Amino acid sequence: MELLAQFAAGDLEAFEVLFRQHQKEVYAWIVRIVRDSGIAEDLTVETFWRIYKSRARFRPDGNFRAWARRIATNAALDHLRGARHETELPDDLAGAPGEDPAVRGERRKHIKEAFHQLPAKYRLVATLALIEEEPYESISQAVGISVALVKVRVFRAVRMLRKKLSPLGVEATAK
Amino acid sequence: MIDKENDQKIKDLLKHAIAPMKDTELRRDLWPQMLRKLDEQSAFANNVPWFDWALAAILSAVLLLFPGTIPALLYHL
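Because the structure is a prediction, the values reported are computed rather than measured.

Cut-offs used in this document
Residues numbered from 1 in each chain as written. Chains lettered and ligands numbered in written order. Predicted model: local features only at pLDDT ≥ 70, side-chain atom pairs only at ≥ 80, totals over all residues. Helix = DSSP H or I, 4+ residues; strand = E, 2+ residues; numbered from the N terminus. Buried ≥ 20, exposed ≤ 12 C-beta atoms within 10 Å, placed from the backbone. Contact = placed C-beta atoms within 7 Å. Nonpolar A, V, L, I, M, F, W, Y, C, P; charged D, E, K, R; others polar. Domains from an automatic or database assignment. Core = buried A, V, L, I, M, F, W, Y, C linked by C-beta atoms within 7 Å. Axes fitted to C-alpha atoms, helices over the stretch in contact; angles between N-to-C directions. Parallel < 35°, antiparallel > 145°, perpendicular 65-115°, else oblique.

When helices and strands are counted, chain B shows four helices and zero strands. Projecting the C-alpha coordinates of chain B onto the three principal axes gives extents of approximately 75 × 45 × 15 Å. Put simply, chain B has 77 residues, and 10% of those count as buried.

What follows is the structure, encoded as structure tokens:
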């Protein structure tokens with residue numbers, strides 16, 4: 001409590017303590033969204049820079065962890081909006097038994113492209129909910145929207161993916 | 001019903017295509033990087049050219065001496 005009050009008052013040492021306490025957790029959250037360790041490191045620093053800048057608005061009796069996660073999510077979302085995002089895809093992508101590896105590779109490409117074409121706010125919730133299997137409640141708090149809206153965005157993201165992938169015949173062969 | 005099944009197929013496909021991040025551990029302390037950022041930003045904030053300050057001072061003086069110019073200035077902004 002005292003540490004948070006010192007931080008809110010602009011004490012750099014208090015900020016360093018908070019930084020060291022929370023940097024791993026903030027990084028782990030961001031890397032699950034942006035899926036690149038280098039970018040996640042930069043965004044972790046950017047997150048704490050935003051935290052430091054807005055320290056006067058932080059209430060010392062508030063939840064620093066939740067506040068930091070919200071800011072980290074916004075930083076990651078800004079990155080998704082502004083940059084072409086490359087996602088590492090595993091080599092063991094499931095395909096039909098005996099399927100030609102070239103066909104499998106083609107399908108991976110289609111999925112990757114379709115996913116990256118989703119608007120950032122949908123890609124964010126789809127990544128957290130469908131890939132990382134994060135609870136809706138947790139996503140809701142991090143993004144700052146209701147659980148119902150998280151569900152709506154996941155639903156829309158799935159529908160958009162379906163629309164993009166169906167004409168390519170990807171859906172028909174999915175297992 | 002078919003829609004739900006198709007949505008589920010897409011979800012399964014996505015899960016197979018993009019695996020959850022396994023390695024989410026931070027490998028190094030980012031505090032030195034944070035300090036650099038704080039220094040850069042502070043240097044940037046203090047690095048306003050002298051003529052910008054002079055311009056701001058002249059403008060403030062004009063506005064104080066001739067308040068009637070404020071609407072004209074606002075109009076041209």
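Now that the structure is up, let's keep going.
Below, the discussion takes up the overall build of chain A. What chain A contains, in helices and strands, is nine helices and zero strands. Ordering the α and β elements of chain A from the N terminus gives α-α-α-α-α-α-α-α-α. Across the 175 residues in chain A, those meeting the buried criterion constitute 33%. Looking at chain A alone, contacts between residues at least 24 apart form 62% of all its contacts between residues at least 6 apart.

Opposite the 22 residues of chain B that make contact, chain A presents 34 residues. Where the side of chain B that touches chain A is concerned, the elements lending two or more residues are α1 (2-17) and α2 (31-46) of chain B. Per-class residue counts for the side of chain B that touches chain A are twelve nonpolar, four polar and six charged.

Looking now at the environment of Lys22 of chain B. Examined against the element boundaries, Lys22 of chain B turns out to sit in the loop between α1 and α2. Accessibility expressed as a C-beta count within 10 Å gives 7 for Lys22 of chain B, which makes it exposed.

Let us now look at the domain arrangement of chain A. Residues and elements named next belong to chain A. When cut into domains, chain A gives domain 1 (2-82) and domain 2 (101-173). Placing the centre of domain 1 and that of domain 2 at their C-alpha centroids yields a distance of 26 Å. The interface of domain 1 with domain 2 comprises nine residues on the first partner and eleven residues on the second. For the side of domain 1 that touches domain 2, the elements supplying multiple residues, two or more each, are α2 (12-34) and α4 (64-82). Sorting elements by how many residues they give to the side of domain 1 that touches domain 2 places α4 first, with seven residues. Class assignment of the residues belonging to the side of domain 1 that touches domain 2 gives a composition of four nonpolar, one polar and four charged.

Take the nonpolar core next. Taken as a class, soluble globular proteins show a tendency for nonpolar side chains to be buried jointly. Counting 50 residues, the largest nonpolar core has Ile30, Val125 and Leu161 of chain A as its most contacted members. Secondary structure elements with two or more residues in this core: α2, α3 (37-53), α4, α5 (101-117), α6 (120-131), α7 (136-143) and α8 (147-165) of chain A together with α1 of chain B. Considering each element in turn, this core owes the most residues, ten residues, to α2 of chain A. Counting the residues that make up this core, at least three belong to each of domain 1 (2-82) and domain 2 (101-173) of chain A. The residues contacting Leu161 of chain A, other than those within four sequence positions of it, are Ala114, Phe115 and Leu118 of chain A together with Ile10 and Leu14 of chain B.

Moving on, we come to the packing of α7 of chain A against α8 of chain A. Geometry of a packed helix pair, given as the angle between the helix axes and the separation of the axes. Residues and elements named next belong to chain A. Contact pair α7 / α8: the axes reach a minimum separation of 8 Å and the direction vectors enclose 100 degrees. When the axis of α7 is compared with that of α8, the two are roughly perpendicular. The segment α7 lies against α8, with Tyr136, Glu137, Ile139, Ser140 and Val143 engaging Val147, Val150 and Lys151.

For residues that are not glycine, phi is negative in most cases, and the peptide bond is trans in most cases. Of note, Arg35 of chain A is a non-glycine position whose phi angle comes to about 60 degrees, a positive value. Tracing the sequence through the fold places Arg35 of chain A in the loop between α2 and α3.

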